[in-house]
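# Examining the three-dimensional arrangement
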Amino acid sequence: MTDYATTSQGDRVAYDLRGGTGPAVVFVTGAGPDRADDPITAETAQRVADAGLTTITFDRLGRGESPAEGRLDLDRELAAVAAMIEVAGGSAVLVGHSSGCSLSLRAAAAGLPVTGLALWEAPLGDPAETTQAWADEIERLLDADDHENAMRHYMKDMPPEWLAEMEASPAWSAIARTVAAYRADAQSLAWAQRALEDGTLDVAVPVLAMYGAETFPEMPVAAASIVAAVPKGTEKELPGAMHSWEPEPMAAELAEFARACAD
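Residues numbered from 1 in each chain as written. Predicted model: local features only at pLDDT ≥ 70, side-chain atom pairs only at ≥ 80, totals over all residues. Heavy atoms only, no water.

### Remarks on the overall build of the protein chain
The helix and strand inventory of the protein chain stands at 10 helices and nine strands. Its C-alpha atoms give the protein chain a radius of gyration of 17 Å, near enough to 18 Å, the size a compact globule of 263 residues would have. Total accessible area on the protein chain is roughly 11,300 Å²; 50% of this is exposed by carbon and sulfur atoms. For the protein chain, the centre of its 18 positive side-chain charges and the centre of its 42 negative side-chain charges are spaced 4 Å apart. (Helix = DSSP H or I, 4+ residues; strand = E, 2+ residues; numbered from the N terminus. Rg over C-alpha atoms; globule rule 2.2 N^0.38 Å. Areas by Shrake-Rupley, 256 points an atom, 1.4 Å probe, with all protein chains shown as cover. Lys, Arg positive; Asp, Glu negative; His and termini not counted. Charge placed at Lys NZ, Arg CZ, Asp CG, Glu CD.)

In structure tokens form, the structure reads like this:
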């Protein structure tokens, strides 16, 4: 059963709460998925809840059952994360996936009540200047309501078959419009890359930077750069492929990490 919470900025966020007794874990997805088409995250959240923890999965702004209009920027997205932490009990480990990693890093750096960060395959590593120019172009295209080219630009460094599959869909125009929800992702990635490069990443909580056993070569490099930039960082390889994880070992890792962060 879907529940809803209203953020400090007035946005309505749809979420699923599982468990409800142990330390809290909030999953922060990257660009694209909502709860309805993300069974791997749902299964992982259920397994973590079955291990005795509280878990929350939610539809980020402008996705799924969290419709939102206007400029969906980083501040509004952080307010949504804050609302989910409040629902979870007032503090939580954030589990970031892809650009959800940079959102989670920003949430911790902004002082949200985050007890730890579990980050899966943060897509970081380009020079900060390059990442900022990429993010600025996405914002320019979004401001011009050029959703199709904004989506193409967002995905320009991803495997080309991903975009080709989207463009071949009869729903391409509708799919492209979902890029309006990616502004916060672009902004957070630009911020995170700059913070890593100039040494201003201020995250004191434990950070677990993970990547799959079968992954893109940039992902272990990004994980190592994050771990090197924080005082309590650990890098770890887990079973996974194609930018995703396997639910059972991931759930076990998250349960152990969240309990350690709560001690």
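### Focus: the packing of aromatic side chains
In total, this model carries four aromatic pairs according to the counting rule given. Relative to Y154, the ring of W134 has its centre 5.1 Å away and its plane inclined at 50 degrees; by these criteria the two rings are tilted. Linking W134 in helix α4 (residues 128-143) with Y154 in helix α5 (residues 147-154), this pair joins segments that are 20 residues apart in sequence. W134 sits in the buried class, given a relative accessible area of 12%. The structure contains a cluster of three or more aromatic residues connected by ring pairs, namely W134, Y154 and Y182. (Phe/Tyr/Trp six-rings, centres within 6.5 Å; stacked < 30°, edge-to-face > 60°. Buried < 20%, exposed > 50% of the residue type's maximum accessible area, 1.4 Å probe, protein only.)

### Here we look at the state of the cysteines
Under the criterion given, the structure shown has zero disulfides. C261 supplies the cysteine sulfur nearest to C101, a cysteine that is in no disulfide, at a spacing of 15 Å. Residue classification places C261 among the buried positions, given a relative accessible area of 15%. (Disulfide = S-S within 2.5 Å.)

### Considering the pattern of salt bridges
As enumerated under the stated definition, the model contains 17 salt bridges in all. Residue D185 is joined to R60 by a salt bridge in which the shortest nitrogen-to-oxygen separation is 2.8 Å. With a gap of 125 residues between them, D185 in helix α8 (residues 183-198) and R60 in the loop between β4 (54-58) and α2 (74-88) connect regions that are remote in the sequence. Overall, the relative accessible area of 0% leaves D185 in the buried class. The exposure class of R60 is buried, given its relative accessible area of 0%. (Salt bridge = Lys/Arg side-chain N within 4 Å of Asp/Glu carboxyl O.)

### With respect to the nonpolar core
Residues V26, M84, L94, L117 and V203 are the most contacted members of the largest nonpolar core, which totals 62 residues. At eight residues, the largest contribution of residues to this core is made by α2. Grouped together as the second largest cluster of nonpolar side chains are 20 residues, L53, L238, A251 and A255 included. (Core = buried A, V, L, I, M, F, W, Y, C linked by side-chain atoms within 4.5 Å.)

### Remarks on the pairing of strand β5 (residues 92-97)
The buried count for β5 comes to six of six residues, which makes it a mostly enclosed element. Burial along β5 is two-sided: the face carrying A92, L94 and G96 and the face carrying V93, V95 and H97 are both buried. Bridge count for strand β3 (residues 24-28) against β5 is four bridges, and the pairing is parallel. Each residue of the ladder has a partner; that of V26, found in β5, is L94. Where β5 and strand β6 (residues 114-120) come together, six bridges link them in parallel fashion. (Pairing = 2+ DSSP bridges.)

### Digging into the sheet that holds strand β1 (residues 3-6)
Strands sit in the order β1-β2-β4-β3-β5-β6-β7-β8-β9 across an open sheet of nine strands; the sheet is mixed. The two strands at the open ends of the sheet, each matched to only one other strand, are β1 and β9 (244-245). Its contacts with the sheet put helix α1 (residues 39-50) on β2 (12-18), β3, β4 and β9, and the angle it makes with β4 is roughly 165 degrees. (Contact = heavy atoms within 4.5 Å. Axes fitted to C-alpha atoms, helices over the stretch in contact; angles between N-to-C directions.)

### Brief notes about the environment of G64
Of note, G64 is situated in the loop between β4 and α2. For the pair G64 and V13, spaced 51 residues apart in the sequence, the C-alpha separation amounts to 9.6 Å. With residues near it in sequence (within four places) discarded, G64 still touches D34 and D59.

### Section: the pairing of β6
Among the seven residues that make up β6, six are buried, leaving the element largely enclosed by the rest of the structure. As for the winding sense of the linkage, the β-α-β connection from β5 through helix α3 (residues 99-109) to β6 is right-handed. (Right-handed = clockwise from strand over helix to strand, strands pointing away.)

### Concerning α1
The terminal C-alpha atoms of α1, which comprises 12 residues, lie 16 Å apart, in line with the 16 Å expected from a rise of 1.5 Å per residue. Along α1, the positions that sit buried rather than exposed are T41, T44, A45, V48 and A49. Along the axis of α1, the buried positions cluster into a sector of 135 degrees, meaning they face one direction only. Across from the buried face of α1, at angles greater than 90 degrees, the exposed residues are P39 and D50. Close packing links the buried residues of α1 with β2, β3, β4, β9 and α10 (247-262). (Expected span 1.5 Å × (residues − 1). Arc of directions from axis to C-beta.)

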